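Topology and contacts: notes
Okay, here's what each chain looks like letter by letter:
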Amino acid sequence: MLSEVRVQIHSPDDIVTVRQRCRKLAAQVGFSNSDLALIATAISEVTRNIVEYAERGEVIITPLQNGTRKGVKIVASDRGPGIADIRTVMRDGYSTGTGLGIGLPGTKRLMDRFEITSEVGKGTTVIMKKWVP
Amino acid sequence: MTVAALTFPQQVEESYTKALEQYLTEPHESALLRAYELGREALDRGLGVVEMATIHSHAIAAVQNRPVGEDKRAELLEAQMSFFMEALAPFEMAHRAFRDANTALRRLNDMLEGQAKRIAYSLHDEAGQLLAAMHLALAEAARLLPPETAEQLATVKDLVNQIEERLRNISHELRPPVLNLGLFPALEVLKEIVSKRWGLPVSLSVSLHGDLPATVETTVYRIAQEALTNAAKHARATQAEIDVRQTAHKLVCSVRDDGIGFDADDTAARLRRGLGLLEIKERVAAMDGVLRVGPNRNGGTNLTIEIPLEG
């Protein structure tokens, strides 16, 4: 039985830890190498945001099972400044200015489910899921 | 050699090689994170997937100096692959974004075409009927009013006529109303108009099965109209043919004529044709299609569009 993994985020070094632990869990769940690379990218993007805008936060990775389907759920939360207008940050090219679809909108496309909630002054939470194809 | 002397791709290659070597020596997550960051930066700075593949193969060549035992070969290959995939993951994000944007653009295009169709209908039919009613009301008023007002009434009537003409033109610009009959009948009407107005005989061959999106119909009609107008008015053609074919995945429309082609055209005609063609080219490009214009075998002009169809 796989159990959830919690990683506290304080510094950019924690991105390595969170990727490593997520990769291990996702590999045990049954994801292929190419999916592992995409999941690692998604988790790096959300963790980067915590480091960059909130300084500290937490990422929780949970194995999922729904009948025979298996997957992972990633919850990244922080108590940072929050985002006033989520629609703006979810627009391609908002954070990078290049319109290349990296950052949060790009992350959404790598996962099967992506939800973001935020309150100004309280923090931001991203919940995402991916199922083994 | 100093670092400053390296170009950006060279800098990426250097860092990439270093991180790959590190990963192959000791497979740690920090090297994979480096691969992802390098990929992300490369994407941001405008490098493409092919350049990344080149960088990867150079890096492989650079780190493969050490001999590897048979037993380790598969493991090494897999590690190289994992590392490469990390670097490519940001490009996957960009690729998916591009795909989504393209879908959105197509939808927007169809939506605009639908909107144009509704506005065209509203202008042509609804406003047209109101203006017709206004003509009748004016005639009625003319009977009741003293003869001195005849001149003013004539002015009003003239203005109403002008409005009617304008609305008809705008409606036609938005979407030729004849397309409401369907593409094939619309092209037959066009063929009739061209042969009557300019004495240019046109042969029409159409093979369609299933409904086409409104945007595709309008584009095919416009290109046929544009090409035939040019053939008749500027290229002094004596005959023309339109060929429309729908296959499983695309629609091809070619218009050929036996006119004098491009070079002998006067500048004004070229300019007119250029503007019309430019608009068609934009329309075709928005649908992922291609437009080709060139001489055909017997010296006239051949204009072909190919538009991919969904499903």
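Anyway, here's the lowdown on the structure attached to this text. Predicted model only: the values in this text are computed from it and were never measured. (Residues numbered from 1 in each chain as written. Chains lettered and ligands numbered in written order. Predicted model: local features only at pLDDT ≥ 70, side-chain atom pairs only at ≥ 80, totals over all residues. Heavy atoms only, no water.)

1. Here's the deal with the sheet that holds strand 5 (residues 301-308) of chain B
Residue and element names in this part refer to chain B. Ordered by their spatial adjacency, 5 strands build an open sheet running 1-2-3-5-4, and the pairing between neighbours is mixed. Since the sheet does not close on itself, it has two edges, and those belong to strand 1 (202-207) and strand 4 (290-295), each with one partner. On average, adjacent strands in this sheet sit at an angle of 10 degrees to one another, irrespective of strand direction. As judged from the 6 bridges shared by strand 1 and strand 2 (residues 240-246), these two strands associate in the parallel manner. Note on strand 2: the bridge partner recorded for Ser207 is Arg245. (Pairing = 2+ DSSP bridges. Helix = DSSP H or I, 4+ residues; strand = E, 2+ residues; numbered from the N terminus. Axes fitted to C-alpha atoms, helices over the stretch in contact; angles between N-to-C directions.)

2. A look at the packing of helix 2 (residues 33-54) of chain A against helix 2 (residues 29-44) of chain B
In the contact formed by helix 2 of chain A and helix 2 of chain B, the axes pass within 11 Å of each other and the chain directions differ by 80 degrees. It follows from the interaxial angle that helix 2 of chain A and helix 2 of chain B lie roughly perpendicular. Two secondary-structure elements touch here, helix 2 of chain A through A:Thr41, A:Ser44, A:Glu45 and A:Arg48 and helix 2 of chain B through B:Leu33, B:Tyr36, B:Glu37 and B:Arg40. Split into classes, the residues belonging to the contact of helix 2 of chain A with helix 2 of chain B amount to 2 nonpolar, 2 polar and 4 charged. (Parallel < 35°, antiparallel > 145°, perpendicular 65-115°, else oblique. Contact = heavy atoms within 4.5 Å. Nonpolar A, V, L, I, M, F, W, Y, C, P; charged D, E, K, R; others polar.)

3. Details of the interface of chain B and chain A
Counting residues at the interface gives 22 residues for chain B, matched by 26 residues for chain A. Ranking the residues of chain B by area buried against chain A places B:Glu29, B:Arg40 and B:Met93 at the top, with a combined share of 31%. Where chain B touches chain A, the interface holds 6 salt bridges. Of the charged contacts in the structure, one is a salt bridge between B:Asp100 and A:Arg109, with a shortest N-O distance of 2.6 Å. Between the two partners, chain B and chain A, sit 10 residue pairs in polar contact (both at pLDDT 80 or more). Elements that contribute at least two residues to the side of chain B that touches chain A include exactly helix 2 and helix 4 (70-144) of chain B. Taken together, the residues of the side of chain B that touches chain A break down into 10 nonpolar, 3 polar and 9 charged. (Buried area = accessible area lost by both parts, 1.4 Å probe. Salt bridge = Lys/Arg side-chain N within 4 Å of Asp/Glu carboxyl O. Polar contact = N/O pair within 3.5 Å; in protein donor to acceptor, adjacent residues only side chain to side chain.)

4. Some thoughts on the side chain of A:Thr124
Residues and elements named next belong to chain A. Looking at the element boundaries, Thr124 is found in strand 5 (residues 123-131). Among the residues examined, Thr124 registers a relative accessible area of 9% and is labelled buried. A polar contact of 2.9 Å, which involves the side chain of Thr124, links it to the side chain of Ser118. Each residue touching Thr124, except ones within four places of it in the same chain, is listed here: Ala76, Ser77, Asp78, Gly82, Ile83, Ile116, Thr117 and Ser118. (Buried < 20%, exposed > 50% of the residue type's maximum accessible area, 1.4 Å probe, protein only.)

5. Quick notes on helix 5 (residues 150-174) of chain B
Residues and elements named next belong to chain B. Under the 1.5 Å per step criterion, the end-to-end length of helix 5 is 36 Å for 25 residues, consistent within 8% with the ideal 36 Å. Of the positions making up helix 5, those classed as buried are Leu153, Val160, Leu167 and Ser171. Check the buried side of helix 5 and you find it contacts helix 4. (Expected span 1.5 Å × (residues − 1).)

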